[in-house]
Amino acid sequence: MKKNTVITISRQYGSGGRELSQILANKLGIKLYDRQIINLAASHIGIDDMNYEALKRFEEEVPPLPVKFMPFYMFGVSGPQSLNDKIFNAECEVIKKLAKDGSCIILGRCADYVLKNQENVYSFYICANDDFRTNRGKTVYENKSLSDLNEEDLKRGGYYSHYTGHRWGDAANYNLTINTSYISLDQAADLIIEYIEKIQENNK
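Basis of the calculations
Residues numbered from 1 in each chain as written. Predicted model: local features only at pLDDT ≥ 70, side-chain atom pairs only at ≥ 80, totals over all residues. Heavy atoms only, no water. Helix = DSSP H or I, 4+ residues; strand = E, 2+ residues; numbered from the N terminus. Areas by Shrake-Rupley, 256 points an atom, 1.4 Å probe, with all protein chains shown as cover. Expected span 1.5 Å × (residues − 1). Buried < 20%, exposed > 50% of the residue type's maximum accessible area, 1.4 Å probe, protein only. Phe/Tyr/Trp six-rings, centres within 6.5 Å; stacked < 30°, edge-to-face > 60°. pLDDT = per-residue confidence, 0-100. Contact = heavy atoms within 4.5 Å. Pairing = 2+ DSSP bridges. Axes fitted to C-alpha atoms, helices over the stretch in contact; angles between N-to-C directions. Parallel < 35°, antiparallel > 145°, perpendicular 65-115°, else oblique. Left-handed = near helix turned anticlockwise from the far one by under 90°. Nonpolar A, V, L, I, M, F, W, Y, C, P; charged D, E, K, R; others polar.

## Observations concerning the overall build of the protein
Helices and strands together make up the secondary structure of the protein, namely 8 helices and 5 strands. If you list the helices and strands of the protein from N to C, you get β-α-β-α-α-α-β-α-β-α-α-β-α. Accessible area of the protein: about 10,900 Å², with a carbon and sulfur share of 49%.

What follows is the structure in structure tokens.
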């Protein structure tokens, strides 16, 4: 795999996407960035007195979309900004810097959109069927119901749509969509590696 290969992972809650990302990072020997991004972004704009959960709420509580919604395409847009927007802009800058610094995996935070069309960036969407997610809700996510998992996905989808103008989970936004209901997370990690290596081999 080429140096400075960046992988973005978007995942349906309960699909095992976070665990898969860690497996992938271990296999490739590269860094995985997730919660660090929001903390770095907060520090970037001078917020040092909020814990992760408080910052996460600002990520999720985006304002309702107006009828003639114009997506937040322009990072660093001038004019008054909400704290949500400031955090998003700062996260974009952090993501772009991490991608420039070397090979890594970035989990969530619209990274597929922020880094789209950049060389050696590969984006994947991880999903699973309801039975698989229901089981993981009970065994991995402190007995959360499928309804709880879907509610979290609504937040993720709303956040993504608000800041990108695209539909979260739309296969057209990603290189590959993987349903973890049918293969193990370890196999899914191998599939991602094989997919990227095939593309890089073809582009030599």
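## Topic: helix α7 (residues 146-164)
Between its first and last C-alpha, α7 extends 26 Å over 19 residues, near the 27 Å set by a 1.5 Å rise per residue. For α7, the full list of buried residues reads Leu149, Glu152, Asp153, Arg156, Gly157, Tyr159, Tyr160, His162, Tyr163 and Thr164.

## Topic: the packing of aromatic side chains
Taken as a whole, this structure holds 7 aromatic pairs when the rule is applied. With a centroid separation of 5.5 Å and 85 degrees between ring planes, the pair formed by Tyr125 and Trp168 is classed as edge-to-face. Of this pair, Tyr125 sits in strand β4 (residues 121-127) while Trp168 sits in the loop between α7 and β5 (176-179), and the two are 43 residues apart along the sequence. No difference in accessibility class separates Tyr125 from Trp168, as the two residues are buried. Through pairs of rings, three or more aromatic residues link up here, namely Phe88, Tyr159 and Tyr163.

## So, the confidence of the model for the protein
Residues of the protein with pLDDT of at least 70 account for 81%, and the chain-wide mean is 84. In the predicted structure, residues 63-78 sits below a pLDDT of 50 and forms 27 contacts with residues beyond four places in sequence or in another chain.

## Some remarks on the sheet that holds strand β2 (residues 31-33)
Ordered by their spatial adjacency, 5 strands build an open sheet running β2-β3-β1-β4-β5, and the pairing between neighbours is parallel. Because the sheet does not close on itself, it has two edges, and the strands there are β2 and β5. Neighbour-to-neighbour, the strand axes of this sheet turn through a mean angle of 25 degrees, independent of strand direction. Relative to β4, strand β1 (residues 6-11) runs parallel, the two sharing 6 bridges. The partner of Thr8 across the bridge, within β4, is Ser123.

## A word on the packing of helix α1 (residues 17-28) against helix α8 (residues 185-202)
Packing of α1 against α8 brings their axes to within 9 Å, and their N-to-C directions diverge by 55 degrees. Of the possible angle classes, the one that applies to α1 and α8 is oblique. α1 and α8 meet at a crossing whose hand is right-handed. Residue-level contacts link Glu19, Leu20, Ile23, Leu24, Lys27 and Leu28 of α1 to Leu185, Asp186, Ala188, Ala189, Asp190, Ile192 and Ile193 of α8. Here the residues of the contact of α1 with α8 are counted per class, giving 9 nonpolar, no polar and 4 charged.

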